[in-house]
Amino acid sequence: MTVAGDLLVGLDLGTTGAKAVVVDTADGVAVARGYRPYPSDTTHAGWHEQDPADWWTASAGALRDALAQVPAGAVTGVGLSGHMHALALFDAADKPVRPAMTWADRRAEEQVARLRQRADLFRERCGNPVVEAFTAPKLAWLASHEPDTLRRAARLVQPKDVIRHHLTGGWGTDTSDAAGSLLFDVRRGRWDPELWELCGADPGLAVPAAPSTAVVGTVGADAADLTGLPAGTPVVAGGSDVACAALGGGAVTPGRVYVNAGTAAQVVTALPGLRTGEHFVFTRAGADGFLAMVSVYAAGLGIRWCEENLLPGPAPAPDDRADQLAAQTPAGARGLAFVPYLLGTSTPTHQPRVRAALLGAGPQHGPGDIARAALEGVAYACADAVDQLAATTGDVTEVRVGGGVARSPIWRECLAAAFDVPVRRISHDASPRGAVALAGAGTGVWPDVVAACGALDDSEPVGVPERHRAAYRHARARYAAAATAVTALGRDPAFAEGAAP
């Protein structure tokens, strides 16, 4: 393969695997990719742990696979992205003291209740409520249940920072990952000793937090042998996966919203200033300011659940089976409505006990109607999330969509019909491309992340046939009524998850 310019590498350490992408800086095109999965330990209910050694093994393999496809020695920078809110503790000998607890770990319910007694303090300094996903409650759980383990720890880092250590030999994090811990004062841009002490931990566990575009080291000889990266390649601090997805999705100016629709959907936009509300607040990567985010817990999960349980066809289901069936029925699913609250909902209200429903079914409905209702219901749930953000952050000027669900033309069309502003689809993986943007801005390829995102932009407009607009408008009104009814039922103890018959 020949390339026209220098190459930049973005590595995203996701919840289930490591993804590497190599981009030609001459035109912003991804010329190579690599992916390696790793396991999670969910043996105990509510626990979700991973071995940091698996992160490095998978990352090295993904990098090696991607770099085998491009000319040797052409890489000029590496950016890192990784899943947020983890608790990864290492001792003075650089060994993990226990498996890492990920964002999906939910064991710290008791600690959340205790820390919420100081909810105003956390909201003031971190911009966020105290929930189980964040690092601070996990740290408090460890202080209560494994104090000896905590005493052996020398530092607390996030997943991408473990890869940084393997590549460069140094320890540290960036401000966007630090801000996702509930241990970092986002207004002052520094670790907050009082928050650490509320969790029963020594603030000395904190590592330096650098800007996301800062060059924090270079690839060492051993890492070069394992990954295929040239020794001496600059490595930037990188960012959290949400902050990197915002970059890769183009949500770099107020008013532009990125909907990353995978198993769940994250809806994120840039904030002109710190505003708290019914959303999460994160620090931007590579730029001043903040991000607002809300989640749809079951996006692709809701569609796949319908495919596997309600629709005929082979198992496992092809990714496009819902689309194939939905194409057989008109927009609006002939009055059928699917509310995709399989895991509860955080928007428009936080209702953890509410569950999904398929409403309006009659003998005239078939698999095509169910499939289309599933796609439309997930689209309307995402549209509700965009509207929720807009109520806090201001007018939406453009919506961008990406992720696995966005491969569906019907889902894209339905979502686009919900808005009077342009909707564009990005075809690349947002988080690793965001890591590439940080690498390019940090090494001087582009002057800043806004220019980097412009160079990497491969978005295309999403259109809506005029003949479908009225049907989608009526369908969203039905969905809103269905969602209201289902949410009300979720408050009834008879419908609470696990309620006795």
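Since the structure is predicted, the reported quantities are computational estimates derived from the model, not experimental observations.

When helices and strands are counted, the chain shows 17 helices and 24 strands. The C-alpha atoms of the chain give a radius of gyration of 22 Å, which matches the 23 Å a tight globule of 501 residues would have. The dimensions of the chain, computed from C-alpha atoms along their principal axes, are 65 × 55 × 45 Å. Looking at the 501 residues of the chain, the share that counts as buried comes to 56%. Long-range contacts, defined here as pairs at least 24 residues apart, represent 70% of the contacts in the chain between residues at least 6 apart. Of the roughly 19,400 Å² of accessible surface on the chain, 52% is carried by carbon and sulfur atoms. In the chain, the 43 positive side-chain charges and the 53 negative ones have mean positions that sit 3 Å from each other.

This next bit is on the packing of helix α13 (residues 367-393) against helix α14 (residues 409-417). Angle between the axes and distance between the axes are the two parameters that describe a pair of packed helices. The N-to-C vectors of α13 and α14 enclose an angle of 40°; their axes lie 9 Å apart at closest approach. The angle between α13 and α14 falls in the class oblique. Crossing of α13 over α14 shows right-handed handedness. Across the interface between the two elements, R372, L375, E376, V378, A379, Y380, C382 and A383 of α13 pack against I410, W411, C414 and L415 of α14. Here the residues of the contact of α13 with α14 are counted per class, giving ten nonpolar, no polar and two charged.

Counting 67 residues, the largest nonpolar core has V259 and W411 as its most contacted members. No other element matches α13, which puts 14 residues into this core. With sequence-adjacent residues up to four places away left out, V259 is seen in contact with Q266, V267, C382, V386, V399, R400, V401, G402 and W411. If you look at the next biggest cluster of nonpolar residues, it comprises 62 residues, including L87, L121, W141 and A153.

As a further point, take the packing of helix α15 (residues 430-443) against helix α16 (residues 449-456). Orientation of α15 relative to α16, taken along the N-to-C sense of each, is 130°, at an axis distance of 9 Å. The pairing of α15 with α16 is recorded here as oblique in orientation. As for how α15 packs across α16, the hand of that crossing is right-handed. Listed contacts from α16 to R433, V436, A437, L438 and A441 of α15 are V449, A452, C453 and L456. The residue inventory of the contact of α15 with α16, partitioned by class, reads eight nonpolar, no polar and one charged.

Of the volumes computed, that of the second largest pocket is approximately 240 Å³. Contributing to the lining of the second largest pocket are 14 residues, with T175, T283, R284, A287 and D288 lying nearest its centre.

This part covers unusual backbone geometry. With the exception of glycine, the majority of residues adopt a negative phi angle, and the majority of peptide bonds are in the trans configuration. In this structure, D94 is a non-glycine residue whose phi angle is positive, near 70°. Locating D94 in the fold gives a position in the loop between β6 (88-90) and β7 (100-101). Phi angles above zero are rare outside glycine, and L182 is one such case at about 65°.

Now for the side chain of D105. With respect to the element layout, D105 can be found in the loop between β7 and α2 (109-115). There is a polar contact of 2.6 Å between the side chain of D105 and the side chain of R107. When near neighbours in sequence (up to four residues on either side) are disregarded, D105 contacts G46, W47, H48, E49, E132 and K138.

Now for the sheet that holds strand β16 (residues 256-261). The strands that make up a sheet pair up through hydrogen bonds in the backbone, lying either parallel or antiparallel. The strand order across the open sheet formed by seven strands is β18-β19-β17-β16-β22-β23-β24, and the pairing between neighbours is mixed. Sheet topology places β18 (280-283) and β24 (460-461) at the edges, where each strand pairs with a single neighbour. Where strand β17 (residues 265-271) and strand β19 (residues 290-296) come together, seven bridges link them in antiparallel fashion. Residue pairing for β19: V267 is matched across the bridge by V294.

A complete count under the given rule lists eight aromatic pairs for this structure. Look at W47 and W141: their rings are 5.7 Å apart centre to centre, the planes differ by 80°, and that puts the pair in the edge-to-face class. You can see W47 sitting in the loop between β3 (29-37) and β4 (49-50) and its partner W141 sitting in helix α4 (residues 135-145), a full 94 residues away along the chain. With 6.4 Å between their ring centres and 15° between their planes, F280 and F282 make a pair best called stacked. Classification of F282 by relative accessible area gives buried; the value is 2%. The ring of W47 has R107 lying over it, and the distance from NZ or CZ to the ring centre is 3.5 Å. Between R107 and the ring centre of W141, over which it is positioned, the NZ or CZ distance is 4.6 Å.

Cut-offs used in this document
- The written sequence of each chain sets the order in which its residues are numbered from 1.
- Since the coordinates come from a predicted model, pLDDT governs what is reported: local features require at least 70, and pairs of side-chain atoms require 80 or more to be given and counted, while whole-chain, interface and lining totals use all residues.
- The side-chain numbers reported here are obtained from all heavy atoms of the structure, hydrogens and water having been left aside.
- Helix and strand definitions here come from DSSP, where helices need a minimum of 4 consecutive H or I residues and strands a minimum of 2 consecutive E residues; each element is numbered from the N-terminal end.
- Restricting the calculation to C-alpha atoms gives the radius of gyration, and the globule rule supplies 2.2 Å times the number of residues raised to the power 0.38.
- With a 1.4 Å probe rolled over the protein chains alone, any residue whose accessible area is under 20% of its type maximum counts as buried; one over 50% counts as exposed, and the rest are partly exposed.
- Any two residues whose heavy atoms approach within 4.5 Å at even a single point are treated as in contact.
- The Shrake-Rupley method, run with a 1.4 Å probe, gives the accessible areas here. Residue values count only the displayed protein chains as cover.
- Counting rule for charge: Lys and Arg are taken as positive, Asp and Glu as negative, and neither His nor the chain ends is counted.
- To locate a charge, take NZ of a lysine, CZ of an arginine, CG of an aspartate or CD of a glutamate.
- Fitting a line to C-alpha atoms yields each axis, with helices limited to the stretch in contact; the angle taken between N-to-C directions then spans 0 to 180 degrees.
- Roughly parallel covers angles under 35 degrees, roughly antiparallel covers those over 145, roughly perpendicular covers 65 to 115, and oblique covers all other angles.
- Here a crossing is taken to be left-handed if its near helix is turned anticlockwise relative to the far helix by less than a right angle, and right-handed if that turn runs clockwise.
- Side-chain classes follow a simple rule in which Ala, Val, Leu, Ile, Met, Phe, Trp, Tyr, Cys and Pro form the nonpolar group, Asp, Glu, Lys and Arg form the charged group, and the remainder, Gly included, forms the polar group.
- Residues enter a nonpolar core if they are buried and are Ala, Val, Leu, Ile, Met, Phe, Trp, Tyr or Cys, with the set joined through side-chain atoms within 4.5 Å.
- A cavity, in this analysis, means grid points on a 1 Å lattice covering only the protein atoms where a 1.4 Å probe fits yet has no way out; a pocket is instead an open set bounded by protein on both sides within 12 Å along at least five of seven lines, and a residue lines either one if it has an atom within 4 Å of a point.
- Grid points are joined across faces, edges and corners, and a volume is the space filled by probe spheres set on the points.
- Identification of polar contacts relies on pairs of N or O atoms within 3.5 Å, with a donor-acceptor requirement for protein atoms, meaning one able to donate a hydrogen and the other able to accept it, and with residues adjacent in sequence counted only if both atoms are side-chain atoms.
- When DSSP finds two or more bridges between a pair of strands, those strands are recorded as paired.
- The aromatic pairing rule takes the rings of Phe, Tyr and Trp, using the six-membered ring of Trp, and pairs them if the centres are within 6.5 Å, calling planes under 30 degrees apart stacked, those over 60 edge-to-face and the rest tilted.
- Any Lys NZ or Arg CZ that is within 6 Å of a ring centre and within 35 degrees of that ring's normal is treated as a charge sitting over the ring.

These values are about where atoms sit, not about what they do.
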